[in-house]
Amino acid sequence: MDEYDDDQKYMPQEDDWDRDLLLDPAWEKQQRKTFTAWCNSHLRKAGTQIENIEEDFRDGLKLMLLLEVISGERLAKPERGKMRVHKISNVNKALDFIAGKGVKLVSIGAEEIVDGNAKMTLGMIWTIILRFAIQDISVEETSAKEGLLLWCQRKTAPYKNVNIQNFHISWKDGLGFCALIHRHRPELIDYGKLRKDDPMTNLNTAFDVAEKYLDIPKMLDAEDIISTLRPDEKAVMTYVSCYYHAFSGKQKAETAANRICKVLAVNQENEQLMEDYEKLASDLLEWIRRTIPWLENRLPENTMQAMQQKLEDFRDYRRQHKPPKVQEKCQLEINFNTLQTKLRLSNRPAFMPSEGKMVSDINNAWGGLEGAEKGYEEWLLNEIRRLERLDHLAEKFRQKAAIHEAWTEGKEEMLQKSDYETASLSEIKALLKKHEAFESDLAAHQDRVEQIAAIAQELNELDYYDSPSVNARCQRICDQWDALGNLTQTRNEALQRTEKLLETIDQLYLEFAKRAAPFNNWMEGAMEDLQDTFIVHTIEEIQGLSSAHEQFKATLPEADKERQAILGIHNEIAKIVQTYHVNMAGTNPYTTINPLEINGKWDKVRQLVPQRDQALIEEHARQQNNERLRRQFANQANVIGPWIQTKMEEIGRISIEMHGTLEDQLTNLRQYEKSIVNYKPKIDQLEGDHQLIQEALIFDNKHTNYTMEHIRVGWEQLLTTIARTINEIENQILTRDAKGISQEQLNEFRASFNHFDRKRTGNMEAEDFKTCLISMGYNLGENEFSRIMSIVDPNRMGIVTFQAFIDFMSRETADTDTADQVMASFKVLAGDKNYILADELRRELPPDQAEYCMARMAPYTGPDGVPGALDYMSFSTALYGESDL
């Protein structure tokens, strides 16, 4: 995109804008997000937004709407058609509007926007942002981009670690955004807790606070800014311009105040700067004139200590004396430039310092100082290097000579030892390795000896004052070196001869160890297995152990052959030692096993085999007896268990079914109970068999699923069930006789109870009981049903037994008769007034009816205004319940 027309007073386009940059995925991603967020921040005022910047502007409708929102003006009426020509027409109207605002568009056509050209769309949006968001920014006689940058610099100047120089890398650590927010709204961010090395937290903090409290949408991603070497300048500038507009009102007030203060203080500051410049220039020139003669002194010293003191004095000059003067010179130039700038801006004549105190004069004097300083430093270093070279060579000779002499100490005595004559093969090999290492070490020290001689020669050439002592020491080292070489060769030959003699014996030792170790492990494992205490529970397990033992016995002949072969190797070693008179320093180095130990363990194995045979035979007989006891118990338990289960089911059916009178049912149950009791001897017999099993320590029985505990529990449940069933029949007889219930009524109660006992447990659940009452004509409320449940289920078990059901039904029949009698009395006593007094009711009714009535109507009250009175409705509800209402 070319620059815009300067004649129309519009800000020229940025020189660094290049469409090819949009090919960079990172920059394109940042521009897409930022430009989309910027457009949506304005489009939301019209109740809409965009999702894809190149797609959503293709028809031109939202583009025209965006321009209307940001300009506050109405554009031409858009085309609503879906055809390409309509879209091109809308985009052209938008581009014409932009051109009408003084913007010269080049290479951006409506067809490219309609075709969704991302490059051109982003370029068009950037043009709109420049025109409507950045062009009008003006700060201290600068405008647009420069004005926005200057505004950022002014606002962030007091903040640590913030240096805004551009709209890309200066914002990467996030502190710039946080500083802008804190400058205008310090209560939103605790700037003191921010760290420059945590840009992710800084950026997210600024973006979140700006979005939440300043109504600035999040146009950038912290991850994109951090991961990009140079963030997109357009994206950052767009986002920062939102900060400017958000704080512009407050900025204008601050600018006006600053201008007033600036005008008042300018003259005073200028005069002070002139005085400061004159004084600083005079002092600095005087110091330079005093320092140069000291730096030009080249008188050498004879000792290193004296030269080092001169160098230390020069370092003090560099560290302590010169830095303040450098600062003064820098401050002098800053004051001069600042003063000239202030005078020029105030339209006053330029400042002319006194003669010889111009900035150029001071720079010339400073250049002379720098030249003298450089020459003095080079001279000092050359002199120190010359003295250091001699001292270094002498010290190096002493150190290398001392190290070599310390290394050679005791080496001649070590090489003359005869320790190999009584050593074993492993010791001989160790001595050879040690000697090889010594030879390598000796060769490595050859270089040190040569270095010592070279250093001594160099010291002689440089006329070192102590050269005679250096030469004598060097000659001693060379003579000793030749002697060590001869002794090393002699010892190596002796060690080689001894090694060959012992290798044959060592091979036999190794063969013995390789075969003796596994054979010894086999014998130890065999002894452990033969003495191992076994615990078996079945005949199959003991049979498996017996089979394994027989297999073990079959391997004994082959094991005896291996034992004899191992002893033969040991005998061969003894023969070689005796024949060649070898001085054996110790036992077999590869094993601690000896022939005596092998023979002893072999004899132990042979003793344990028959003992193991006898133990297996005895255990086999015991397991056969245990199997007989298991089958004996299982045969009886498999009969008794099903018999108990069958009887339990039969008793359950008897308690539910109704055959004959209660007396007939009671007679049948007692006969049934007698037949069950007669089965007890079989239970006792099974107990006896169980005791035998326990004494034999038998813990499982694969022939039955029944245990003695199952049989006992089943038997006790059977006796308890038949006794409870007989007791229920007896209680039903007592209830029938006491309440005057006929057999037909009792049968009806039983039929109703069985019908609503849906789970056939012999008990009705609460909901089933409620359903039963409703079917019998009860219209129950929650209070009345709770009262009834408290009668039939006082323990709150949630179930109703048949006996409780009978008691309730007989009592309800009697209650209904009593309630009818009381209601008749109420109608007589109440007459036309439709209520009676409670005391009157007690006085007129028989005691039993009065007590019944007062108990039933205790929760109710009479009509308003008549204390202690009962109306007909309350009275009726108390007696009959809510069902009659």
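What counts and how
- Residues numbered from 1 in each chain as written.
- Predicted model: local features only at pLDDT ≥ 70, side-chain atom pairs only at ≥ 80, totals over all residues.
- Heavy atoms only, no water.
- Helix = DSSP H or I, 4+ residues; strand = E, 2+ residues; numbered from the N terminus.
- Contact = heavy atoms within 4.5 Å.
- Areas by Shrake-Rupley, 256 points an atom, 1.4 Å probe, with all protein chains shown as cover.
- Core = buried A, V, L, I, M, F, W, Y, C linked by side-chain atoms within 4.5 Å.
- Buried < 20%, exposed > 50% of the residue type's maximum accessible area, 1.4 Å probe, protein only.
- Salt bridge = Lys/Arg side-chain N within 4 Å of Asp/Glu carboxyl O.
- Phe/Tyr/Trp six-rings, centres within 6.5 Å; stacked < 30°, edge-to-face > 60°.
- Lys NZ or Arg CZ within 6 Å of the ring centre and 35° of its normal.
- pLDDT = per-residue confidence, 0-100.
- Axes fitted to C-alpha atoms, helices over the stretch in contact; angles between N-to-C directions.
- Parallel < 35°, antiparallel > 145°, perpendicular 65-115°, else oblique.
- Left-handed = near helix turned anticlockwise from the far one by under 90°.
- Nonpolar A, V, L, I, M, F, W, Y, C, P; charged D, E, K, R; others polar.

Scanning the chain for helices and strands turns up 29 helices and 6 strands. Here the analysis covers contacts within the chain between residues at least 6 apart in sequence; of these, 72% occur between residues at least 24 apart. Within the structure as shown, the chain displays about 49,500 Å² of accessible surface, and the carbon and sulfur contribution to it stands at 50%.

Another point: the environment of Ser-418. As for its placement among the helices and strands, Ser-418 is situated in the loop between α14 (411–415) and α15 (425–461). Here the alpha-carbon distance between Ser-418 and Ala-494, two residues 76 residues apart in the chain, equals 9.1 Å.

Here we come to the nonpolar core. Counting 79 residues, the largest nonpolar core has Trp-38, Ile-128, Phe-177 and Tyr-243 as its most contacted members. Examining the composition of this core, we find that 11 residues originate from one element, helix α6 (residues 118–134), more than from any other. Ignoring any residue separated from it by four or fewer positions in sequence, one finds Trp-38 in contact with Leu-66, Ile-70, Ile-128, Ile-129, Ala-133, Met-219, Thr-238 and Cys-242. Formed by 47 residues, the second largest nonpolar core is a distinct cluster that contains Phe-633, Phe-802, Ile-806 and Met-809.

This part is about the environment of Phe-397. Tracing the chain through its elements places Phe-397 in helix α13 (residues 359–408). Placed 55 residues apart in sequence, Phe-397 and Ile-452 show a C-alpha to C-alpha distance of 6.0 Å.

This part takes up the pattern of salt bridges. All chains considered together, the criterion is met by 45 salt bridges. In this structure, Arg-32 and Glu-28 form a salt bridge, with 2.9 Å as the shortest nitrogen-oxygen distance. Highlighted residues: Arg-32 and Glu-28, both in helix α1 (residues 25–43), separated by 4 residues, approximately one helical turn. We classify Glu-28 as buried; its relative accessible area is 19%. Arg-630 is the partner of Asp-700 in a salt bridge, and the nearest nitrogen-oxygen pair spans 3.7 Å. You can see Asp-700 sitting in the loop between α21 (680–695) and α22 (708–739) and its partner Arg-630 sitting in helix α19 (residues 595–656), a full 70 residues away along the chain.

Before going further, it helps to spend a moment on the packing of aromatic side chains. Tallied over the entire structure, the rule returns 28 aromatic pairs. Centroid distance Trp-294 to Tyr-376: 5.5 Å. Interplanar angle 45 degrees. Geometry classified as tilted. Of this pair, Trp-294 sits in helix α11 (residues 233–295) while Tyr-376 is found in helix α13, placing the two residues 82 residues apart along the sequence. Residue classification places Tyr-376 among the buried positions, given a relative accessible area of 3%. Taken together, Phe-167, Trp-171, Phe-177, Phe-207, Tyr-239, Tyr-243 and Phe-247 form an aromatic cluster joined through their ring pairs. The aromatic ring of Phe-132 is capped on one face by Arg-131, whose charged end is 5.2 Å from the ring centroid. Positioned over the ring face of Trp-407 is Lys-411, at 4.9 Å from the centre of the ring.

Inspection of the secondary structure puts Asp-466 in the loop between α15 and α16 (467–531). Residue Asp-466 is classed as partly exposed on the basis of its relative accessible area, which comes to 31%. Separated by 72 residues in the primary sequence, Asp-466 and Ala-394 place their C-alpha atoms 8.9 Å from one another.

Here we take up the side chain of Thr-291. Counting through the fold element by element, Thr-291 comes out in helix α11. Residue class for Thr-291 comes out buried when judged on its relative accessible area of 9%. Look past the residues within four positions of Thr-291 in its chain and what remains in contact with it is Tyr-317 and Leu-369.

Okay, the confidence of the model for the chain next. Overall, the prediction assigns the chain a mean pLDDT of 81, with 88% of residues at 70 or greater. Counting interchain partners and residues more than four positions distant, the pLDDT-below-50 stretch residues 1–23 has 56 contacts.

Before going further, it helps to examine unusual backbone geometry. Of note in this structure, Asn-161 is not a glycine but carries a positive phi near 65 degrees. The partly exposed category is assigned to Asn-161, whose relative accessible area is 41%. With a phi angle near 60 degrees, Asp-215 is a residue other than glycine that sits in the positive phi range. Its location among the elements puts Asp-215 in the loop between α9 (199–213) and α10 (222–227). You can call Asp-215 exposed: its relative accessible area is 54%.

Take the packing of α1 against α6 next. Packing of α1 against α6 brings their axes to within 11 Å, and their N-to-C directions diverge by 50 degrees. Put simply, α1 runs oblique to α6. The chirality of how α1 crosses α6 is left-handed. Contacts between α1 and α6 involve Glu-28, Gln-31, Arg-32, Phe-35, Trp-38 and Cys-39 from the former and Ala-118, Leu-122, Ile-125, Trp-126, Ile-128, Ile-129 and Ala-133 from the latter. Classifying every residue of the contact of α1 with α6 gives 10 nonpolar, 1 polar and 2 charged.

This part takes up helix α3 (residues 61–71). Taken as a whole, α3 has its buried residues at Leu-63, Met-64, Leu-66, Leu-67, Glu-68 and Ile-70. Elements that come into contact with the buried residues of α3 comprise α1, α4 (84–100) and α6. Downstream of α3 by a residue or two, Gly-72 has a phi angle that is positive, lying close to 75 degrees.

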